[in-house]
Amino acid sequence: MDAFELQEQLQALADLASYDIPTEHDVSSMDLTAISHLLESAVEALAESSDAITDPAVFDAYRSLLKHAESLQGTLMNKLLDSISSGFQAQVDATVRDVDYEDQQTVAAHKTPLEMYAFLFHWFVLAAEKVKASGEEDVPAAPPPKARRGKGGKAATSRAAPKKNAEEWTWIDQIPPTLALISRVLRLKTQRIWMTTVERDTFINCITRPVYHITESEQYMKAQPIRLGVYKVICLAVKHHGHTLAAQISIMQSLQYYEHLSEPMAECLTVLSKEFDHAQLADEILREISAKSFNAQDSKGPRAFSKFLIRFAELAPRAVQKQISLLSSHLDSESYPMRMALVEVIGSLIRELASAEDLAPEQMKKQVAPLYDHLLERTLDLSSYVRTKVFAVLARLCDLRVKFPQQRLAVTRAAVDALEDKAAGVRKGAVGLLVRLVVTHPYGLVHGGPLGLQEWEEHYRAISAEIRELEGVVGKSVERRASEGTEGEGSGDGEDEGEGEGEDQDQDQDEGEPSSERRRKRRRKRGDDGDDDGMDVDGEDEDVEMQDGKDGDGEDGEPQTPKKKKSKKGKKPRTSQLDMNAMANEQEALAALETDQVANLQLRKKYYAEALNFIRQLEEGMLTVQRLLASTNKLEVLEAIEFFRVTHEYKFDGAEVGIKKMLHLIWTKDNNATSEDGKELKGVRSRLLECYRSLYFDALPDMEPKQQVNRIAKNMIELTYDATLAELTSLEEMMRWMMEDGQIHGDVIAKLWHVYSSDRPLPKPQRRGAVIALGMLALAKRSVVADRVETLVKVGLGNLGKADLTLARYTCVALQRLNGSAKKVKGSLLDKSLRLDMENPLFRKLQDAVEHPCRSKEWFGMAEQAINTVYALGERPDVLCDSLIRNLTRKAFRRQERAKTPPPKDPDAMDEDDVQEEHDNAADKSQAQPEEEKDNGDAFALSQLLFVVGHVAIKHIVYLELVEREWKRQKHEREQGLWSEKLAAGRNSPTRSSKDQEELDQVAGNAEDEIGERIAVTRETELLYGPDSLLATYGPMIVHICGSPHKFKNRTLRAAATLAFSKFLCVSSRFCDQHHHLLFKVLETSKDASIRSNIVIALGDVAVSFSSIIDENSNELYKGLSDDDLVVKKNTLMVLTHLILNGMIKVKGQLGEMAKCLEDLDERIADLAKLFFSELSTKDNAIYNNLPDVISHLSVGAHAVDEPVFQSTMRYIFSFIEKEKQAENIVEKLCQRFRLSEDPRQWRDIAYCLSLLPFKSERSVKKLIEGLQFYRDKLHEETVFGRFQEILTKARSNKSANKPDAELNEFENILEENKRQGEEDQAFEKRVQGKKAAAKKRATRRSARKKATQKEDDEDE
């Protein structure tokens, strides 16, 4: 055969169909025996000598088999690979021997066989892929077989041939030995075999190309043996055979087109750098990546390169650090995956630098600071994904051994700012980062972990004071040295002064620094070790101490010291010289020591300042995290819960508020687990319960069981302290959940009872908290209170309850739990509630508690709950309430005889009582106070009476409903018994029985209607108008008191009367129809915000009972939205929200007042308004139907708002206009509004509303163009024209197929023309007006001159 040219053969192989083999065997047409014989002969030839491959017949036989490899069976492929591998290996071994021991000519003889084997090996890998594709497709031998088994696994197994192929030939199993052989080949000293670089590169590329081909399969690269084999081949080729450039090109192409190779290639380069000591390739690839630019639309390329960079930075951060200056250009890349990758890379570099032991601290900080700056810059990235990634990376960096305090403070500031980010993922990441910053904070070295703001401020103040004191001492020392330097050497006065200074200094040290003794000892030690001068210093030191001893009985004074001092003073000149030097040395040492101490304290002060900075930033961020608890993003809420749990553990001052607010999440409906990043996360409610358990209910290690119980009970009680009604309601629900789940131990309940019933004097909130907690637990388990009713009565309704009415109130609430908490099913006649006989001592105690003399406003809450308890538990609550009202009436009017008033039943009695009160107030000043107290007492008693009357009225309505249900239940049971009898009697006549059933149903229906009507009549006519009704007596009295505010000025009385009046209105439609106007009048005129607030809530209840009456006067209700008091406004908004959304009142154009609340200064009101409109948008066309009225209401007239407020309000409301048909109709209506408006402000508002519409359809644009006649004369207004320009831009940006581009262009020209025309008209009108004004002015002047002339003529005459 001709000389074998490897390069030519490889190029020819690219087109397999036209590849020419001189003596080709048509394997595809041969039978199995012939193919086997052909292969056998070739194998035998190679077995005899590996050089036989150069025989044309043998080589062509192998090439023919490979060309038709798809026709070969698995056994033949195995045999083919074995023979080529064996021959190749034998040739390699022979070459290795010859390279070491033979001459160049012998070595060169191996070149052609090696190239031929390499070529066959290269071809075999390509062929093996094809055989794999056909033979392994049905029954894959690769690791992930599950995906295909469901679809066609069984069908595939029934095919014998493919199954046999798969069993006998599996290419994936042959890859590792194949790669091992290539590695052996690469051990050759190729430079001795191939003289030219081109030939050598061709050979190396020939055997490495199959390796790159193998890497293209993600399935293969998942197998570790294959992956490691690939790494070894590439590393050997690069290290020993000049494969660097080719490898660089191949790796870059792999990253570009095969995303799964990102991480393997990073690992390969790491192996090359660390194990083969060849870092140049990695550097070149990093430089090439840094020079690439990525498009924002390209997602695949950047994603692959970003994975590569992240993995390589993890494995070889030092290699990446060398190129970071070039790579950092990708921080400004258009592609956000590349920016995210650089953020990860920077994180890896910081981690590497922080853990490096070969860097000095200063050098480390210098290198880390700019990297942190890069990360902090990215917290403001345009992409929320990048911002989220930054916070994730920063959170991981918190765990580093080195803390970088300055950077941590900057990171904390960035995280707190990011809590306001619009992307939920970023906010979640920021909260998670803050949690990690707290957990890993570096400020626990001195005082432990807690980070309470007040405690740290105290530490800071203490250290500042200590520094000031020490600085004063050092300052004196320095001053003394300066003064001594100016004195003469022989001056005895200077010596005395020096001694005095030293004396003062020691005194200062004694006062300011407790360790002065240690300093003296150190100075003595230094003196003892010194020379003669040092001895003098020692002596001088003793002199100073003795001087102290003279003045203040110094601690270390010795008897001998004064003698020494006197003897030294005998030789004045010499001693003076020595003493001055000694003192100077001493003071230098002292000043140096003090300076070191000040420097140490300064460092501690800096430490405290940084800690305070950190704590204050966290406290600031807590306000935002509290709002995040109400987020709709579940993951964000979970992170916020964890934040408050951690900050509470670290004793942050503001964490308690967040823990309380978190409690409301117990009502969250979504309790399903959520997965994130492969992790299973709990639902919000589960996480909340877990958090509260860990904080308050879980047992602490190393604590006795009794102490555990005391601690848990104490925590439960303290949770009720200063809790609002909303917090108590949420806490109650949480306790119910925990009790139902069996998480509250019986010993804890027993401890709560012990606290509640303790005879020792306890703080009032503690006993209250115990009964509140018990009442909450009883919701889930009735027996908690059922077993201890006597205790409740004895404590809560006994002397303790009378002394603490709040305790009595919560005791009544706990007693109501005897009925359990089973919710009533609508339409069900079952009633599982417990009813007690009215002779039960409990009711006597309740009545005594209400009738007990009292002047506290807490009585009203207690009385309300006491009456609720009577109606909840009593069989005949009306009997007890009748007695109660009569007794309170006697008490209220008992003193009327002294005031010379008519009989007590006369409702006008209070008129004269007030007159008498006024008379008494005007009388003698000494008598005024007792009389006033007496009259106020009467007013309070009357207030109590009216409160009870009103509450009994409203509770009796509920009681009547229960009576109605009980009657119906009894009727139903009787009918069921009758039906059973009839059924038994008429079993033989099915026709008859069905007829009886129909008759029975009809009778039962009629009976139920009769019961309902009877109860309705009782409520309507008997309760407030019946001749025997006790409540009827008080109706006129309540109406009179409410209608005479000038007579009844007592605030408590007016509030109680108004509340009772409101409740009476809910009882009877007749009473409501007669008197509801009075309630609206009180709402309008009352100056008491609490009364107005109560009326608003009451009107909601009245509307539920008699909707038609309130619906006619709903305008009055809307006035509360403009009330000055925030509570009144909020309650009005809540009531209206409830009534409108439940269809109890119709909206008649007043929705504009609700819309005003969207921009209210109070955040709660604005949020409530937004909630209302979002719920209203779910009703059919509700917002669309009322939109014109809202625009009119806010744009013109008495209710108009400022333009910025109008615009923000409309922007929110228009976000609910989503239907295209609605948008089209609104365009038409708004265009017609231009015609009727003359005010430029209204033009601007209408144009703004038009610009808010989407203009997605062609019809919307056409409607706008058709309405041109209505607004063409308004286009001269700059703002109006600008809005139409915005509309044009929006219409053009839509991507609909039928977008009317031509019409839009024409419309734009018309707008421009009309604008120009309008401006000209306006200019002309201004000129005309100007001329008219000038003419008028001239006329005025002429008339003035004329009058002046006439006046002069008259004077002359």
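Quantities reported herein were computed from a predicted structural model and do not represent experimental measurements.

Colleague: Let's hear about the overall build of the chain: which residues, and what values?
Modeller: The number of helices and strands found in the chain is 63 helices and 2 strands. Evaluated residue by residue, the chain yields a buried proportion of 49% over its 1357 residues. Nonlocal contacts in the chain, meaning residues at least 24 apart in sequence, comprise 73% of its contacts between residues at least 6 apart.

Colleague: Residues and numbers for the packing of aromatic side chains, please.
Modeller: Going through the model one piece at a time under the given rule, you end up with 24 aromatic pairs. For the ring pair tryptophan 859 and phenylalanine 947, a centre distance of 6.2 Å and an interplane angle of 65 degrees mean the geometry is edge-to-face. You can see tryptophan 859 sitting in helix 42 (residues 858-873) and its partner phenylalanine 947 sitting in helix 45 (residues 925-985), a full 88 residues away along the chain. For the pair tryptophan 859 and phenylalanine 947, a shared accessibility class is recorded, and that class is buried. Pairwise contacts between aromatic rings join Tyr443, Trp456, Tyr607, Tyr608 and Phe614 into one cluster.

Colleague: Can you break down helix 50 (residues 1089-1105) residue by residue, with the values?
Modeller: Side chains three or four residues apart in an α-helix point the same way, a direct result of the helix having 3.6 residues per turn. With 17 residues, helix 50 extends 25 Å from end C-alpha to end C-alpha; this agrees with the ideal 24 Å at 1.5 Å per step. Within the sequence span of helix 50, burial applies to Ile1091, Arg1092, Ser1093, Ile1095, Val1096, Ala1098, Leu1099, Gly1100, Val1102 and Ala1103. Residues of helix 50 that are buried sit in contact with helix 48 (1051-1065), helix 49 (1069-1085), helix 51 (1107-1112), helix 52 (1114-1118) and helix 53 (1126-1141).

Colleague: Describe unusual backbone geometry, and please don't skip the residues or the numbers.
Modeller: Backbone geometry places phenylalanine 404, a non-glycine residue, at a positive phi of 50 degrees. Located in the positive-phi region is lysine 651, a residue other than glycine, with phi close to 60 degrees. Looking at where lysine 651 falls in the secondary structure, it is placed in the loop between helix 30 (634-649) and helix 31 (655-662). The class of lysine 651 is exposed, set by a relative accessible area of 52%.

Colleague: Would you mind going over a positive patch on the surface in detail, with residue names and values included?
Modeller: A cluster of basic residues, Lys1337, Arg1338, Arg1341, Arg1342 and Arg1345, forms a positive patch at the surface. With respect to the helices and strands, arginine 1341 occurs in helix 63 (residues 1301-1356). Residue classification places arginine 1341 among the partly exposed residues on the basis of a relative accessible area of 47%.

Colleague: Describe the pattern of salt bridges, with residues and values.
Modeller: Evaluation of the coordinates by the stated rule reveals 46 salt bridges. Notably, a salt bridge pairs arginine 387 with aspartate 421, separated by 2.9 Å at the nearest N-O pair. On the criterion of sequence distance, the pair formed by arginine 387 in helix 21 (residues 384-397) and aspartate 421 in the loop between helix 22 (405-418) and helix 23 (424-439) is long-range, its members being 34 residues apart. For the salt bridge of glutamate 1228 with lysine 1263, the shortest nitrogen-to-oxygen distance reads 3.2 Å. Of this pair, glutamate 1228 sits in helix 58 (residues 1220-1236) while lysine 1263 is found in helix 60 (residues 1258-1266), placing the two residues 35 residues apart along the sequence.

Colleague: An account of the packing of helix 47 (residues 1031-1043) against helix 48 is requested, with residue identities and associated values reported.
Modeller: In the contact formed by helix 47 and helix 48, the axes pass within 9 Å of each other and the chain directions differ by 125 degrees. The angle between the axes of helix 47 and helix 48 places the two elements in the oblique class. Seen from above, helix 47 lies across helix 48 with left-handed handedness. In contact with Leu1031, Tyr1034, Gly1035, Ile1038, Val1039, Ile1041 and Cys1042 of helix 47, helix 48 contributes Leu1053, Ala1057, Thr1058, Ala1060, Phe1061 and Phe1064. Of the residues in the contact of helix 47 with helix 48, the class split is 11 nonpolar, 2 polar and no charged.

Colleague: Let's hear about the side chain of threonine 215: which residues, and what values?
Modeller: Within the secondary structure layout, threonine 215 lies in helix 11 (residues 197-215). Taking the relative accessible area as the measure of exposure, threonine 215 reaches 0% and is therefore buried. Engagement of the side chain of threonine 215 in a polar contact is seen with the backbone oxygen of tyrosine 212, the distance being 2.5 Å.

Colleague: An account of the nonpolar core is requested, with residue identities and associated values reported.
Modeller: One finds Tyr62 and Phe1284 to be the most contacted residues of the largest nonpolar core, which totals 371 residues. If one sorts the elements of this core by residue count, helix 45 sits on top with 14 residues. Each residue touching tyrosine 62, except ones within four places of it in the same chain, is listed here: Leu39, Ala42, Val43, Leu46, Ile53, Leu80, Ser83, Ile84 and Leu120.

Calculation notes
Residues numbered from 1 in each chain as written. Predicted model: local features only at pLDDT ≥ 70, side-chain atom pairs only at ≥ 80, totals over all residues. Heavy atoms only, no water. Helix = DSSP H or I, 4+ residues; strand = E, 2+ residues; numbered from the N terminus. Buried < 20%, exposed > 50% of the residue type's maximum accessible area, 1.4 Å probe, protein only. Contact = heavy atoms within 4.5 Å. Phe/Tyr/Trp six-rings, centres within 6.5 Å; stacked < 30°, edge-to-face > 60°. Expected span 1.5 Å × (residues − 1). Patch = residues over 30% accessible without salt bridge, like charges linked within 9 Å, V, L, I, M, F, W, Y side chains within 5 Å. Areas by Shrake-Rupley, 256 points an atom, 1.4 Å probe, with all protein chains shown as cover. Salt bridge = Lys/Arg side-chain N within 4 Å of Asp/Glu carboxyl O. Lys, Arg positive; Asp, Glu negative; His and termini not counted. Charge placed at Lys NZ, Arg CZ, Asp CG, Glu CD. Axes fitted to C-alpha atoms, helices over the stretch in contact; angles between N-to-C directions. Parallel < 35°, antiparallel > 145°, perpendicular 65-115°, else oblique. Left-handed = near helix turned anticlockwise from the far one by under 90°. Nonpolar A, V, L, I, M, F, W, Y, C, P; charged D, E, K, R; others polar. Polar contact = N/O pair within 3.5 Å; in protein donor to acceptor, adjacent residues only side chain to side chain. Core = buried A, V, L, I, M, F, W, Y, C linked by side-chain atoms within 4.5 Å.

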